[in-house]
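An overview of the molecular structure
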Amino acid sequence: MKRLLLLVSLILASPLAAQVYEGRQLVEASLVADTTAIVPGRPFRLGLHLRMAPGWHTYWQNPGDAGLATTFDLALPDGFAAGPVEWPVPRRIVEPGDVEVYAYKGDVLLVRTVTPPMAMRAFSDTPLDFRAKSSWLVCEEICIPGKASLDLTLPVAADATPANAELFARFGALLPSGSPPPFAIAWSATPTGWNLGIRVAQNAKRAEFFPYVNDAHPAGHTAPRNIADGNADLAVPVGGSTNTSGVLALEFADGTRRGWIV
């Protein structure tokens, strides 16, 4: 069933912005830091925290069959540098008409690592401003576009303590690792794409694969597989003969989920 996309112009204030449609708050957006102060030369993290109304969802960097990826742009003081957006492992949602999307329900924290310059004024009393712009699509039976302009002010200091530790830890555990997983994986070609074999994944009960966007060689949906005796095989349909890349996500017996870039 094709969704109705309502083109609604939403102006959201900072530092806490609420997307309201027909009197109901659909998304609350905020810009948060994992530190109480900026220490010259010491990287810290800024996070875009989106809290969605029950039943509504926003999208991963590859939204799947429908939807739009959330954007997270930063305006930084002179001399600062920001890394790419880090995306937690999404959820697979199958909607009416077999529309399959990769999305977030409840809330999500998108993270960017920011590195301040070593040569900063000597712990000035003047704090620094960080500005973020974000746009997203939030969907349930219908889809509503939203956007926010957010500001965060942090002091400069010789040292700092962690901030928002629970929030960053919760979503940090869902950021896919670029290191090899602690179990064996192997890609092998098939007539329709690739097979991703998982071997000796102890205490894991379910495996999923979320492909990155690749317009030249688009990957189709990979059906999740239960893991038996530590082993599973995921069929990854790919257009063309080139291998694909994405996030391998495993769910463990205790209910936790972890991801690896493969």
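The notes below deal with the structure included here. (Residues numbered from 1 in each chain as written. Predicted model: local features only at pLDDT ≥ 70, side-chain atom pairs only at ≥ 80, totals over all residues. Heavy atoms only, no water.)

Observations regarding the environment of D98
To be explicit about the condition: Only DSSP runs of H or I reaching four residues or more are called helices, and only runs of E reaching two or more are called strands; each is numbered from the N terminus.
Mapped onto the fold, D98 is located in the loop between β7 (91-95) and β8 (99-105). Once the C-alpha coordinates of D98 and D65 are considered, the two residues, 33 residues apart in sequence, prove to be 9.2 Å apart.

Digging into the layout of surface pockets
Cut-off, in case you're wondering: The rule is simple: put a 1 Å grid over the protein atoms alone, call a set of points where a 1.4 Å probe fits but cannot get out a cavity, call an open set with protein on both sides within 12 Å along at least five of seven lines a pocket, and count a residue as lining if it has an atom within 4 Å of a point. Grid points are joined across faces, edges and corners, and a volume is the space filled by probe spheres set on the points. In the scheme used here, Gly and all other residues not listed as nonpolar or charged are polar, with Ala, Val, Leu, Ile, Met, Phe, Trp, Tyr, Cys and Pro taken as nonpolar and Asp, Glu, Lys and Arg as charged.
Roughly 210 Å³ of internal volume is contained in the second largest pocket. Taken together, 14 residues line the second largest pocket, and the ones lying closest to its centre are V89, R91, F171, L174 and R257. Elements supplying a minimum of two residues to the lining of the second largest pocket: β8 and α1 (165-172). No other element matches the three residues that β8 contributes to the lining of the second largest pocket. Residue classes in the lining of the second largest pocket are distributed as seven nonpolar, two polar and five charged.

Re the packing of aromatic side chains
Threshold: By convention, a stacked pair of Phe, Tyr or Trp rings (six-membered ring in the case of Trp) has centres within 6.5 Å and planes under 30 degrees apart, an edge-to-face pair has planes over 60 apart, and any other such pair is tilted. Burial classes follow relative accessibility: with a 1.4 Å probe on protein chains only, a residue under 20% of its type's maximum area counts as buried, one over 50% as exposed, and anything between as partly exposed.
Under the counting rule described, the total for this entry stands at eight aromatic pairs. Considering the side-chain rings of W60 and F210, the 6.0 Å spacing of their centres and the 65° angle between planes classify their relative orientation as edge-to-face. Residue W60 is found in strand β4 (residues 57-64), and its partner F210 is found in strand β14 (residues 204-211); the two are separated by 150 residues along the sequence. A relative accessible area of 0% means that F210 is categorised as buried. Note on Y102 and F210: the rings are 5.3 Å apart at their centroids and 85° apart in plane angle, and the pair reads as edge-to-face. Taken together, the residues span a long stretch of sequence, with Y102 in strand β8 and F210 in strand β14 at a distance of 108 residues. Across this residue pair, the class does not change: Y102 and F210 are buried.

Things to note about the state of the cysteines
This is how it is decided: Any cysteine sulfur atom paired with another within 2.5 Å is treated as part of a disulfide.
Throughout the structure, instances matching the rule amount to one disulfide. The disulfide partner of C139 is C143, and the gap between their sulfur atoms is 2.1 Å. Residues C139 and C143 are joined through a disulfide that is right-handed, its torsion about the S-S bond being 115°. According to the relative accessible area criterion, C139 is buried, its value standing at 0%.

Concerning the nonpolar core
Applicable threshold: Only buried residues count toward a nonpolar core, which is a set of Ala, Val, Leu, Ile, Met, Phe, Trp, Tyr and Cys residues joined through side-chain atoms within 4.5 Å. Pairs of residues are marked as contacts when any of their non-hydrogen atoms sit within 4.5 Å.
Counting residues in hydrophobic clusters, the biggest one holds 48 residues, and the most contacted among them are I38, F44, L46, L50, F80, F130 and V138. It is strand β2 (residues 24-33) that provides the largest number of residues to this core, a total of six residues. Setting aside chain neighbours within four positions, we find F44 in contact with D34, T35, I38, F80, R112, T113, V114, P116, F130 and L154. Core analysis: the next-biggest nonpolar cluster, separate from the first, contains 18 residues, F183, W194, L234 and L250 among them.

Comments concerning the pairing of β14
Put simply, the rule is: Strand pairing is assigned whenever DSSP detects at least two bridges linking the two strands.
Judged by how many residues are buried, β14 sits mostly within the fold: six of eight residues are covered. The pairing of β14 with strand β17 (residues 246-252) spans seven bridges and is antiparallel. Note that in β17 the partner of R206 across the bridge is E251. One ladder, built from two bridges, connects β14 with strand β15 (residues 225-226); its direction is antiparallel. Each bridged residue has a counterpart across the sheet, and for A207 the counterpart in β15 is R225.

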